[in-house]
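Understanding the architecture of this molecule
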Amino acid sequence: MISLKQLRYALAVEKTLHFKKAAEACNVSQSALSTAINELEKQLGVAVFERNNKQVLVTSYGQQVLNKAKKVQLEVDELMQIAQLNKSPFQSSMSLGVIPTIGPYLLPKVLPEVRKQYPQFKLKIHEDQSHVLVDMVRNGELDAAILALPYPIEGLMSFTFWHEDFYWVSHKDECSSQLQEITTEELETEKLMLLKDGHCLKDHALAACSLQSHKQNSDFDAASLHTLIQMVAGKLGTTIVPQMALDQLIHNESELRAIHLNEPGPHRTLALIIRPNYVRTNELTLLKEIFTQQLTLKC
């Protein structure tokens, strides 16, 4: 019989493409892992991996086996989670993905309260871009992820916990002290600096401003909001940031002003995304309520 241990070892080899690293990740000896993989291949009658002294490759038949093994592993993980449902919430760890334009600003506001209410809860955070997190949730590598919507999440479910608007940030020398609101028509778009392509915040900012595209008039290619803010402080242009990030980004920047973007909102929606059959939805609901409560208090 094929064992779950063999499948777990095979998935570790697929991830690392290295038998020694896979064995270390599984906390077993390399010989034990190799023996299990060889036995799996013998039972299946196909070679899952092609290996020599220099590299490990997944065979075409092996990829089909591994794709099925991922589904089996996901089902087993959910079976174990079902066993926890009759116990107190958050008794087992949870892996949560978050995008870079949310994580640094959301987590400091909500995690202290999560720890206060559930001190035994182990939350594993993985930061990456939206498309990576969506794939990881689909594949069962993450329990859930926090995204900014709208974003394509076909086949997944979302739990909205926050709506927010954007603010235009400028050096105080380059905007009127009387200005309290600003519309897209009033923006000097040639001075507007946004994150580089691949960040959904850029797409949301363009949508909020009703701009189809935007050519950066800058020699910089910023990958973080902190970098953009420093560029604004240096009078290199202006930018747009979400409400949640204002306190951290401009708190110590007395030379900057944040003006509400007076365009129909909300400009973006924050949500937890999960697989449709995810068994810990009750716990996700508790997290969502904490997130909403803390953001309401602190934003």
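Note that this is a predicted model, so its numbers are computed, not measured.

1. So, the overall build of the chain
From N to C terminus, the chain includes ten helices and twelve strands. Every one of the 299 residues in the chain was classed for burial, and the buried ones make up 45%. At a minimum sequence separation of 6, the contacts of the chain that also span at least 24 residues come to 74%. For the chain, the accessible area works out to roughly 15700 Å², and carbon and sulfur atoms hold 50% of it. Of the charged side chains in the chain, 30 are positive and 34 negative; the average position of the first set lies 10 Å away from that of the second.

2. A closer look at the packing of helix α1 (residues 4-16) against helix α3 (residues 30-44)
Between α1 and α3, whose axes approach to 9 Å, the crossing angle comes to 110°. Taken as axis vectors, α1 and α3 run roughly perpendicular relative to one another. Of the residues in α3, those touching α1 at Q6, L7, Y9, A10 and V13 are A32, L33, A36, I37, E39, L40 and Q43. Among the residues forming the contact of α1 with α3, the class breakdown is nine nonpolar, two polar and one charged.

3. Structural notes on the sheet that holds strand β8 (residues 181-182)
Pairing is mixed across the open sheet formed by five strands, whose spatial order is β8-β11-β7-β10-β9. The open sheet has two edge strands, β8 and β9 (192-193), and neither has a second partner. By the bridge criterion, four bridges tie strand β7 (residues 166-171) to strand β10 (residues 238-242) in an arrangement that is antiparallel. Opposite W168, over in β10, you have I240 as the bridge partner. Contacts from helix α7 (residues 200-208) reach β7, β10 and β11 (256-261) within the one sheet, and its direction differs from that of β7 by about 95°.

4. Some remarks on unusual backbone geometry
A cis geometry characterises the amide bond from L149 onward to P150, with omega recorded as 5°. Mapped onto the elements of the fold, P150 is located in the loop between β5 (144-149) and β6 (157-164). Cis rather than trans, the peptide bond between G265 and P266 has omega equal to 0°. Looking at the secondary structure, you find P266 in the loop between β11 and β12 (268-274). Despite not being glycine, L17 shows a phi value in the positive range, around 50°.

5. With respect to the side chain of E283
Along the chain, E283 falls in helix α10 (residues 281-298). Look at E283 and you get buried, because its relative accessible area is 11%. In contact with E283, not counting residues within four places along its chain, are P89, F90, Q91 and M94.

6. Structural notes on the pairing of strand β3 (residues 94-98)
When you tally the buried positions in β3, you get five out of five residues, the bulk of the element. Alternating positions in β3 separate into two faces, M94, L96 and V98 on one and S95 and G97 on the other, with burial throughout. As defined by bridge partners, β3 adjoins strand β4 (residues 123-127) across five bridges and the pair is classed as parallel. Opposite V98, over in β4, you have E127 as the bridge partner. Handedness of the β3-helix α5 (residues 103-117)-β4 crossover: right-handed. Across three bridges, β3 lies against β5 in parallel orientation. In the strand pairing of β5, L96 is matched with A144.

7. Thoughts on helix α8 (residues 225-233)
Residues of α8 that are buried include every one of L225, L228, I229, M231 and V232, and no others. Taken around the axis of α8, the buried residues stretch over an arc of 160°, which confines them to a single face. Positioned one or two residues after α8, K235 has a phi angle of 60°, which is positive.

8. Concerning the nonpolar core
Counting 74 residues, the largest nonpolar core has I146, F161 and L225 as the members making the most contacts within it. Ignoring sequence-local partners within four residues, the contact set of I146 consists of L96, G97, V98, I99, I102, L106, L133, F161, A271, L272 and F291. A12, A23, C26 and I37 belong to the second-largest nonpolar core, a separate cluster that totals 19 residues.

Conventions we followed
- Positions within a chain are numbered from 1, following the residues in the order the chain's sequence is written.
- Totals for whole chains, interfaces and linings use every residue, but because this is a predicted model, local features are given only for residues with pLDDT of at least 70 and side-chain atom pairs only at 80 or more, for both listing and counting.
- Hydrogens and water are ignored here; the side-chain numbers use all heavy atoms of the structure.
- Strands are runs of DSSP state E lasting at least two residues, helices are runs of H or I lasting at least four, and both sets are numbered from the N terminus onward.
- Partly exposed residues are those whose accessible area sits between 20% and 50% of the maximum for their type, while under 20% is buried and over 50% is exposed, using a 1.4 Å probe and protein chains only.
- By definition in these notes, contact holds between two residues if any of their heavy atoms fall within 4.5 Å.
- Reported accessibility uses the Shrake-Rupley method at a 1.4 Å probe radius. Residues are deemed covered only where the shown protein chains occlude them.
- When charges are counted, Lys and Arg are positive and Asp and Glu negative, with His and the chain ends excluded.
- All charge positions are set by atom: Lys at NZ, Arg at CZ, Asp at CG, Glu at CD.
- In this analysis an axis means a line fitted to C-alpha atoms, helices contributing only their contacting stretch, and an angle means the value between N-to-C directions, from 0 to 180 degrees.
- Should an angle fall under 35 degrees it is taken as roughly parallel, and over 145 as roughly antiparallel, whereas 65 to 115 is taken as roughly perpendicular and any remaining angle as oblique.
- Note on residue classes: Ala, Val, Leu, Ile, Met, Phe, Trp, Tyr, Cys and Pro are nonpolar, Asp, Glu, Lys and Arg are charged, and everything else, Gly too, is polar.
- Being paired, for any two strands, means DSSP has found at least two bridges between them.
- When the strands point away from the viewer and the path from the first strand over the helix to the second turns clockwise, the crossover is right-handed.
- Arc, as used here, means the arc of the directions from the helix axis to the C-beta atoms.
- We call a set of buried residues a nonpolar core when its members are Ala, Val, Leu, Ile, Met, Phe, Trp, Tyr or Cys and they connect through side-chain atoms within 4.5 Å of each other.

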